[in-house]
Amino acid sequence: QVQLVESGGGLVQAGGSLRLSCAASGSIFRVNVMGWYRQAPGKQRELVAAITSAGSTNYADSVKGRFTISRDNAKNTVYLQMDSLKPEDTGVYFCNADLTLRWGRLNYDYWGQGTQVTVSS
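This text gives an overview of the structure that appears in the document. (Residues numbered from 1 in each chain as written. Predicted model: local features only at pLDDT ≥ 70, side-chain atom pairs only at ≥ 80, totals over all residues. Heavy atoms only, no water.)

Looking only at helices and strands, one finds zero helices and eleven strands in the protein chain. Shown N-terminal to C-terminal, the secondary structure of the protein chain runs as helices and strands in the order β-β-β-β-β-β-β-β-β-β-β. At 14 Å, the protein chain has a C-alpha radius of gyration in line with the 14 Å of a compact globule built from 121 residues. Referenced to the eigenvectors of the C-alpha coordinate spread, the extents of the protein chain come out at roughly 50 × 25 × 25 Å. Taking the intrachain contacts of the protein chain between residues at least 6 apart in sequence as the baseline, contacts between residues at least 24 apart amount to 56%. When the accessible surface of the protein chain is summed, it comes to about 6500 Å², and 47% of that surface belongs to carbon and sulfur atoms. Positive and negative charge centroids in the protein chain, built from 12 and 9 side chains respectively, lie 5 Å apart. (Helix = DSSP H or I, 4+ residues; strand = E, 2+ residues; numbered from the N terminus. Rg over C-alpha atoms; globule rule 2.2 N^0.38 Å. Contact = heavy atoms within 4.5 Å. Areas by Shrake-Rupley, 256 points an atom, 1.4 Å probe, with all protein chains shown as cover. Lys, Arg positive; Asp, Glu negative; His and termini not counted. Charge placed at Lys NZ, Arg CZ, Asp CG, Glu CD.)

Given below as C-alpha cells:
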C-alpha cells in the first residue's frame, strides 16, 4: 500500500511564500522522479517542477527563478519552496511520484490528493 501525503498549501498574499511537502510511504523499493503539478480553473494540469533521484530538476518557465524543488531521500519526501508568489500561481497542486515497488520491482506512477494554493492580489 503506497500513499503520498501532502501538506503546506493555503492562502497567501502576492509576494509571499509557501512551502509544499509530499512524503511517500509504503512498500517502496526506490523513489525515482518526484514532482509537482498544478491545475488552475479552466486550464490543463501542468508540470510545475520535477526532480530525479540524481537531483536533476525541471521547472515550468512561469516559475523559474521563483520556485525551488528539492528532496530528502531518507524521508522519501519532496518539497516545493514557492517564493514571490503571484495570483497566477493559484490552483490545486498535486504531488506526483514514480516509484519502484518492492513487490516485483515494478514501477508505478502515483498521485497525491491535491492541495489548494490561493494567492490573493
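Below, the discussion takes up the pairing of strand S4 (residues 28-39). Two elements, S4 and strand S9 (residues 91-101), share nine bridges in a ladder whose sense is antiparallel. Within S9, the residue paired with Gly35 across the bridge is Asn96. The sheet contact formed by S4 and strand S5 (residues 46-51) spans five bridges and is antiparallel. If you follow Trp36 over to S5, its bridge partner there is Ala49. Hairpin remark: S4 followed by S5, antiparallel, with six residues in the connecting loop; positive phi at Gly42, about 75°. (Pairing = 2+ DSSP bridges.)

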